[in-house]
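Analysis of the macromolecular model
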Amino acid sequence: MSTFQGVDFYDIDSMLSEEERMIRETVRQWVDERVMPLIGEAYIERRFPRELIPEMGEMGMLGANLPEKYGCAELNNVAYGLINQELERGDSGLRSFASVQGALVMYPIFAFGSEEHRTEWLPKLASGEAIGCFGLTEPDFGSNPGGMITTARKTDAGWVLNGTKMWITNGSMADVAVVWAQTAELGDVKGIRGFVVPTDTPGFTATDQKGKLSLLASDTSELHLADVEVPDSALMPGSTGGLKHPLQCLTQARYGIAWGAIGAAMACFDESRSYAKERVMFGEPIGGKQIQQVRLADMVTRITQAQLLALQLGRLKDAGSMTPQQVSMAKRANVDMACEIARESRRLLGGNGILVEYHSMRHMANLESVYTYEGTHDIHGLILGQAVTGISAF
Ligand code: TGC
Ligand code: FAD
């Protein structure tokens, strides 16, 4: 049974609509009842809890800000952010699953796909009947995806894809992959196009990434494309070349991460606050010691700052004026905040802090991936540096 207290030092609830609060509470309760009892074991077993996917679909958590017309919940972006927050309070792997499904697969199909792509895939992805993955990163092109060497060659029958994509979330579970490939032979200097590729297409294989020490309750895989033949209709007609379109998807996912990181941090703060009040050492609760009080004070301050940043970002997104650079600031600052809080929380818990029965170390390990994926902390620093100086330092 969860004893999660929540963190709302600045009465941020009063800045949410009744509907937004209600959605947050519904997902919060679901995470308490369905995720918390199993997540520690799933983590140790290194498995993504697939049994939760149909419930996530039924509750409208997948592609939640996309239109009802395609089976989605059509929520505003603040409600969508709050869902991410609550999912990541459970585990970053769960939020990652939803981020990839919604922001990196459903969003590009919605924004750049044909009407046939939308009607074929969006309702199934929204319900969780189908799972999607997003193949952008390659072994030698992570921060710099523009250098990708996966190719899409035009033939009379359609396209032939060849290449390797690395670190692909949901890769082994996926029914459909959004694959980004070079089409330079079209004579297009900005030749990167997006393809909707059913994963049962001959030549497409996915292998599990072994040896992870982070995000253990998440499917991370390598995709191999060996002469994968797809019809002309696999090309997303709205992906008209260049990095702009994949980066547009990343903006959607990074937005969700800015919220998600708050959830992981709240879980850690909540755990260490309770522990500090209960753990007696030198004859009194450690929460009565000044060092631990300052530790908790720093945590609640940084969470509050992150909440305000995310909420304003959400309001800007709902108003249609959010910029990618604003998303970079929130992803970078909030994930950094969560990494620090998870580490401090684990330390406050002493020896117990390394056990899976507690959550802080799992979050700490997960957040190291979150710090790196969707644009590393450094890359978002460079994006912000460019925004304020006008000079690119990549
Ligand atoms: P650059 O020349 O700056 O930009 C090319 C075009 O794209 C536009 N643009 C954006 N549009 C929308 N959103 C953004 N965030 C955008 N950033 C740039 C830009 O205006 C330009 O448009 P146009 O019209 O002039 O052509 O491109 P660059 O090659 O210099 O790259 C810049 C850089 C380094 C920032 C970019 O490559 C980058 O963000 N690299 C990081 C790669 C990354 O984040 N990969 C993530 C892979 S997916 C993943 O990690 C999933 S994790 C699982 C989960 O989400 O839970
Ligand atoms: P690199 O780009 O090699 O970076 C190495 C280091 O160099 C970093 O510290 C970086 O900040 C730094 N660096 C890079 N460029 C510069 C520079 N110009 N100046 C200064 N420092 C620099 N990708 C997908 O396409 N789909 C997915 O679903 C997906 N899921 C992922 C899941 C996990 C668990 C992980 C770990 C990654 C995932 N990724 C995914 C890939 C992720 O986006 C990349 O790992 C990330 O973009 C960084 O690329 P890289 O690992 O190649 O690091």
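To be clear, the structure that these remarks concern was listed above.
Computed from a prediction, not measured in an experiment: that's the story for all the values here.

**A word on helix α8 (residues 324-348)**
- The terminal C-alpha atoms of α8 lie 36 Å apart, and with 25 residues this matches the ideal 36 Å at 1.5 Å per residue to within 8%.
- Immediately downstream of α8, the backbone of glycine 350 shows phi near 60°, a positive value.

**What about the site of ligand 2?**
- As a structural note, the neighbourhood of ligand 2 is formed by 18 residues, with Thr137, Ser143, Trp167, Thr376 and Asp378 the closest of them.
- Separating an oxygen atom of ligand 2 from a side-chain N or O atom of serine 143 is a distance of 2.6 Å.
- Here a nitrogen atom of ligand 2 and a side-chain polar atom of threonine 169 are 2.8 Å apart.
- Protein contact buries 68% of the 980 Å² of open area that ligand 2 shows by itself.
- For the shell around ligand 2, the secondary structure elements donating two or more residues are β3 (158-169), α9 (360-372) and α10 (377-389).
- Mapping the shell around ligand 2 onto the domain boundaries places at least three of its residues in each of domain 2 (133-234) and domain 3 (244-389).

**Focus: the pairing of strand β7 (residues 220-231)**
- Alignment of β3 against β7, held across 9 bridges, turns out to be antiparallel. Among the inter-strand pairings, glycine 163 is bridged to a residue of β7, identified as leucine 225.
- Summarising the sheet, strand β6 (residues 204-208) and β7 pair through 5 bridges and their orientation is antiparallel. Bridging across to β7, alanine 206 finds its partner in leucine 223.

**Focus: the nonpolar core**
- Ranked by internal contacts, the top residues of the largest apolar core, which has 101 residues, are Trp30, Met56, Leu87, Trp180 and Ile303.
- Sort the elements by how many residues they give to this core and helix α6 (residues 244-278) lands first, with 16 residues.
- Not counting chain neighbours up to four residues away, the residues in contact with tryptophan 30 comprise Val35, Leu52, Glu55, Met56, Met59, Met61, Leu87 and Leu94.
- In terms of nonpolar packing, the next biggest core, distinct from the first, is built from 18 residues, Leu161, Val179, Phe204 and Leu223 among them.

**A few points about the pattern of salt bridges**
- A complete count under the given rule lists 23 salt bridges for this structure.
- Aspartate 91 is the salt-bridge partner of arginine 362, the closest N and O atoms lying 2.7 Å from each other. A residue pair is termed long-range when its members are at least 10 positions apart, and arginine 362 in helix α9 and aspartate 91 in the loop between α3 (77-90) and α4 (92-112) qualify at 271 residues. Comparing arginine 362 with aspartate 91, the two get one shared label, buried.
- In this structure, glutamate 374 engages arginine 254 in a salt bridge whose closest nitrogen and oxygen atoms are separated by 3.8 Å. Of the two residues, glutamate 374 is situated in the loop between α9 and α10 and arginine 254 in helix α6; the sequence distance between them amounts to 120 residues.
- Its relative accessible area of 13% is what places glutamate 374 among the buried residues.
- On the accessibility criterion, arginine 254 (10% relative accessible area) is buried.
- Residues joined in a network through salt bridges with shared partners are Asp13, Arg24, Glu25, Arg28, Asp32, Glu86 and Arg89.

Basis of the calculations
- Residues numbered from 1 in each chain as written.
- Chains lettered and ligands numbered in written order.
- Predicted model: local features only at pLDDT ≥ 70, side-chain atom pairs only at ≥ 80, totals over all residues.
- Heavy atoms only, no water.
- Helix = DSSP H or I, 4+ residues; strand = E, 2+ residues; numbered from the N terminus.
- Expected span 1.5 Å × (residues − 1).
- Near = heavy atom within 4 Å.
- Polar contact = N/O pair within 3.5 Å; in protein donor to acceptor, adjacent residues only side chain to side chain.
- Areas by Shrake-Rupley, 256 points an atom, 1.4 Å probe, with all protein chains shown as cover.
- Domains from an automatic or database assignment.
- Pairing = 2+ DSSP bridges.
- Core = buried A, V, L, I, M, F, W, Y, C linked by side-chain atoms within 4.5 Å.
- Buried < 20%, exposed > 50% of the residue type's maximum accessible area, 1.4 Å probe, protein only.
- Contact = heavy atoms within 4.5 Å.
- Salt bridge = Lys/Arg side-chain N within 4 Å of Asp/Glu carboxyl O.

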